[in-house]
Amino acid sequence: MFTDTFKALSDPTRREILEILKKYGRMSAGEISEKFETTGATISHHLSILKKADLISDVREGKFIYYEINLSLFEEVINWINGFLGGKNDEK
């Protein structure tokens, strides 16, 4: 169910991108790239994986694409984990 989600979250750079978006809100790929000592192409690759996993969304405005966190997916993951933990506790 969350294969792409957990794969995306397994990478420290992608987790850092999520932290940056959490802290600063909506940002362009260029603005995100400025926070790293890596190429823009590398950051674009990470953004693509995060988008495929539905952890972020994007919107085009003029010549820029802005990215932001998709909180609804995080809520789904938290609900699944809570249900998993709740189910485990019920079996004791």
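Residues numbered from 1 in each chain as written. Predicted model: local features only at pLDDT ≥ 70, side-chain atom pairs only at ≥ 80, totals over all residues. Heavy atoms only, no water.

We now examine the side chain of Asn70. Relative to the helices and strands, Asn70 is located in the loop between strand 3 (64-69) and helix 5 (71-90). Those residues within four positions of Asn70 in sequence are excluded, and the remaining contacts are Asp54, Leu55 and Ile56. (Helix = DSSP H or I, 4+ residues; strand = E, 2+ residues; numbered from the N terminus. Contact = heavy atoms within 4.5 Å.)

Applying the stated criterion across every chain yields a total of five aromatic pairs. Arranged with centres 6.0 Å apart and planes meeting at 80 degrees, the rings of Phe2 and Phe6 form a pair that is edge-to-face. Centroid distance Phe2 to Trp80: 6.1 Å. Interplanar angle 70 degrees. Geometry classified as edge-to-face. Taken together, the residues span a long stretch of sequence, with Phe2 in the segment before helix 1 (3-9) and Trp80 in helix 5 at a distance of 78 residues. Relative accessible area serves as the criterion here: at 40%, Trp80 is assigned to the partly exposed category. Here the aromatic residues Phe2, Phe6, Trp80 and Phe84 are joined through ring pairs into a cluster of three or more. Between Arg26 and the ring centre of Tyr66, over which it is positioned, the NZ or CZ distance is 4.3 Å. Between the NZ or CZ atom of Lys35 and the centre of the ring of Tyr24, over which it lies, the distance is 4.2 Å. (Phe/Tyr/Trp six-rings, centres within 6.5 Å; stacked < 30°, edge-to-face > 60°. Buried < 20%, exposed > 50% of the residue type's maximum accessible area, 1.4 Å probe, protein only. Lys NZ or Arg CZ within 6 Å of the ring centre and 35° of its normal.)

As a further point, take the environment of Ile17. The topology assignment puts Ile17 in helix 2 (residues 12-24). Look at Ile17 and you get buried, because its relative accessible area is 0%. Note: C-alpha distance between Ile17 and Glu75 (58 residues apart in sequence) is 18 Å. Apart from the residues within four sequence positions on either side, Ile17 is in contact with Ile32, Phe36, Ile43, His46, Leu47 and Leu50.

It is worth spelling out the confidence of the model for the protein chain at this point. Model confidence for the protein chain is summarised by a mean pLDDT of 90, while 92% of its residues fall at 70 or above. Here helix 5 stands out as the element of the protein chain with the lowest mean pLDDT, 81, in contrast to helix 2, whose mean of 97 is the highest. (pLDDT = per-residue confidence, 0-100.)

Let us now look at the sheet that holds strand 1 (residues 27-28). Pairing within the open sheet is antiparallel, and its three strands lie in the order 1-3-2. For this open sheet the edge positions go to strand 1 and strand 2 (56-61), each flanked by a neighbour on one side alone. Sheet topology places strand 2 next to strand 3; six bridges connect them, and they run antiparallel. Across the sheet, residue Glu61 finds its bridge partner in strand 3, namely Phe64. Each of strand 1, strand 2 and strand 3 touches helix 2; the most contacted strand, strand 3, lies at about 90 degrees to it. (Pairing = 2+ DSSP bridges. Axes fitted to C-alpha atoms, helices over the stretch in contact; angles between N-to-C directions.)

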